[in-house]
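# Coordinates in review
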Amino acid sequence: MGDKLILRDLVKQFGAVTAVDHINLSIAPGKLFSFLGPSGCGKTTTLRMIAGLETPDGGEIVVDGAVLSDKKHVTLPEKRNMGMMFQSYAVWPHMTVFDNVAYGLKLKKINRSDMQKKVNETLDLVGLSQYAERFPTQLSGGQQQRVALARALANEPAILLLDEPLCNLDAKLRENMRFEIRNLQQRLGITAVYVTHSQDEALAVSDEIVIMRDGKILQQGAPESIYANPNSSFVADFIGLINQLDAQVVSVEQSKTLVKLGNGQTLIAAKDDKQWKVGDHCKLLIRPENLMIDAWDQSKTYNSLDAQVERVSFTGSIVNYFLLFDGLDVSYRMQATPPVRFAQGQRMTCKFTPESCILTRD
Ligand code: ATP
């Protein structure tokens, strides 16, 4: 089966600002892709171009093989068969839940009984059947968000577009709703594009994550793969917590690369495909959960760093230790499971495998 949605060399300029800078992307049918990146990186502009609300200055948007947007021609949003859900609930306060969901179907002028059936089915899908006659002001934030979702789904869109759909909800509700959206999207097999600046949300709901900065795509991949193999310190930092150590390559061997830190210590990183040369400056990245304080396996090779505990923070399921490695004056973080085993001021040895070290050029 061909790709459902293709962005080809897409560009959008606002005066001197290039909001979207030649991006290329293919989304397979039934997949959920998240656009993740800092404020102003071009996520919303990309989504608005997909929706037909902005005209690209270059490139194309193709759905099911048909060009919907290019520089000369933009298919109207209502002719695109896309459902949209935005951060503000955007439900109409003067209409009942039923009428909110029916709105798009009424525009399509389908007959009354089909329309009623479809609205009821959709309300059922999002668990709002018993609220059909209420007005949005009589609903909680989460319920209003479900109305917005039902409205986006009622027309059976080919593509669902979600722009920070949960950012107005409190943390617990946000987590529930993200699973509901993901469940529905998978059950209906609908292709979806999800814009968020929350890494947790992107990791939890996506088939693939697209990391953007300054209008460009920096990296694209499945959540686990992008988390384990970020291609830059920016991506690593944006998706999860990361420790960064400045280093220089001192030896390139068949299965490993040796790097030297500012304190003169040499560490081993497993071989990657980045063609390192002796003398290259790099960053060695290591996730806090990959620094180990015990359960070392005697048969394995580890890197080892001695540290002084600067601060300890217990957060229930995790203990965070903020560490000063000897000879390096930056604070690093490690995460371990409880109980708390080290106190502020104590010394510890951290070990970590060459495989858990990521070398990047920036
Ligand atoms: P946020 O997470 O804050 O919503 P975003 O990644 O969605 O950010 P966009 O809204 O796509 O970013 O904006 C990308 C860039 O384009 C920003 O520099 C923004 O200021 C600029 N921009 C967006 N819309 C317009 C507009 N209508 N006119 C001028 N500049 C705009």
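See above for the structure.
A brief structural summary.

Conventions used here
Residues numbered from 1 in each chain as written. Predicted model: local features only at pLDDT ≥ 70, side-chain atom pairs only at ≥ 80, totals over all residues. Heavy atoms only, no water. Helix = DSSP H or I, 4+ residues; strand = E, 2+ residues; numbered from the N terminus. Contact = heavy atoms within 4.5 Å. Areas by Shrake-Rupley, 256 points an atom, 1.4 Å probe, with all protein chains shown as cover. Lys, Arg positive; Asp, Glu negative; His and termini not counted. Charge placed at Lys NZ, Arg CZ, Asp CG, Glu CD. Near = heavy atom within 4 Å. Polar contact = N/O pair within 3.5 Å; in protein donor to acceptor, adjacent residues only side chain to side chain. Disulfide = S-S within 2.5 Å. Buried < 20%, exposed > 50% of the residue type's maximum accessible area, 1.4 Å probe, protein only. Pairing = 2+ DSSP bridges. Axes fitted to C-alpha atoms, helices over the stretch in contact; angles between N-to-C directions. Core = buried A, V, L, I, M, F, W, Y, C linked by side-chain atoms within 4.5 Å.

### Thoughts on the overall build of the chain
When its secondary structure is counted, the chain shows 8 helices and 19 strands. With respect to the principal axes defined by its C-alpha atoms, the chain has extents near 75 × 50 × 40 Å. A fraction of 64% describes how many contacts in the chain between residues 6 or more apart in sequence connect residues 24 or more apart. Of the roughly 17300 Å² of accessible surface on the chain, a fraction of 48% belongs to carbon and sulfur atoms. Charge centroids of the chain, computed over 40 positive and 41 negative side chains, lie 3 Å from each other.

### Topic: the site of the ligand
Near the ligand, the surroundings consist of F14, V17, A19, P38, S39, G40, C41, G42, K43, T44 and T45. In the environment of the ligand, an oxygen atom lies 2.5 Å from a nitrogen or oxygen atom belonging to the side chain of T45. Relative to its unbound accessible area of 640 Å², the ligand is 58% covered by the protein chains. Of all the secondary structure elements, the ones that give two or more residues to the shell around the ligand are β2 (17–27) and α1 (43–51).

### Observations regarding the state of the cysteines
This structure, assessed with the given rule, holds 0 disulfides. This cysteine, C282, is not joined by any disulfide, and C357 carries the nearest cysteine sulfur, 10 Å off.

### Topic: helix α2 (residues 97–107)
Every buried residue of α2 is accounted for by V97, F98, N100, V101, A102, G104 and L105. Looking one or two residues beyond α2, the residue adopting positive phi is K109, at roughly 60 degrees.

### Quick word on the sheet that holds strand β1 (residues 5–14)
Strand order in the open sheet made by the 4 strands is β2-β1-β4-β5, with antiparallel pairing throughout. Either end of the sheet is taken by a strand with one partner, and the two such strands are β2 and β5 (66–69). Pairwise comparison of adjacent strand axes, ignoring direction, gives a mean angle of 30 degrees for this sheet. Across the sheet, α1 is in contact with β1, β2, β4 (58–63) and β5; its angle to β1 comes to roughly 120 degrees.

### Observations concerning the side chain of R146
When you line up the elements, R146 lands in helix α4 (residues 141–154). In terms of polar contacts, R146 uses its side chain to reach the side chain of E180, at 3.0 Å. If sequence neighbours within four positions are ignored, R146 has contacts with V126, L128, M177 and E180.

### Topic: the side chain of R287
Locating R287 in the fold gives a position in the loop between β14 (281–286) and β15 (303–314). Within polar-contact distance, the side chain of R287 engages the backbone oxygen of L241 at 3.0 Å.

### With respect to the sheet that holds strand β18 (residues 347–352)
Whenever strands of a sheet pair, they do so through backbone hydrogen bonds, lying parallel or antiparallel. Here we have 4 strands laid out as an open sheet, ordered β17-β16-β15-β18, and antiparallel in their pairing. Each edge of the open sheet carries a strand with a single partner, namely β17 (331–336) and β18. Each strand of the sheet is rotated relative to its neighbour by a mean of 50 degrees, with strand direction disregarded. Relative to β17, strand β16 (residues 319–325) runs antiparallel, the two sharing 6 bridges. Across the sheet, residue N320 finds its bridge partner in β17, namely Q335.

### Focus: the nonpolar core
Judged by nonpolar contacts, the single largest core of 34 residues is most densely connected at V119, L123, L149 and L160. Residue assignment for this core shows that the elements contributing at least two residues are α2, α3 (112–125), α4, β7 (159–163), α5 (171–188) and β8 (191–196). When residues of this core are assigned to their parent elements, the largest contribution, 7 residues, is made by α4. Residues contacting V119, with those up to four places away along its chain left out, are F98, V101, A102 and L105. Membership of the second largest hydrophobic core comes to 30 residues, among which are L267, A269, L328 and M348.

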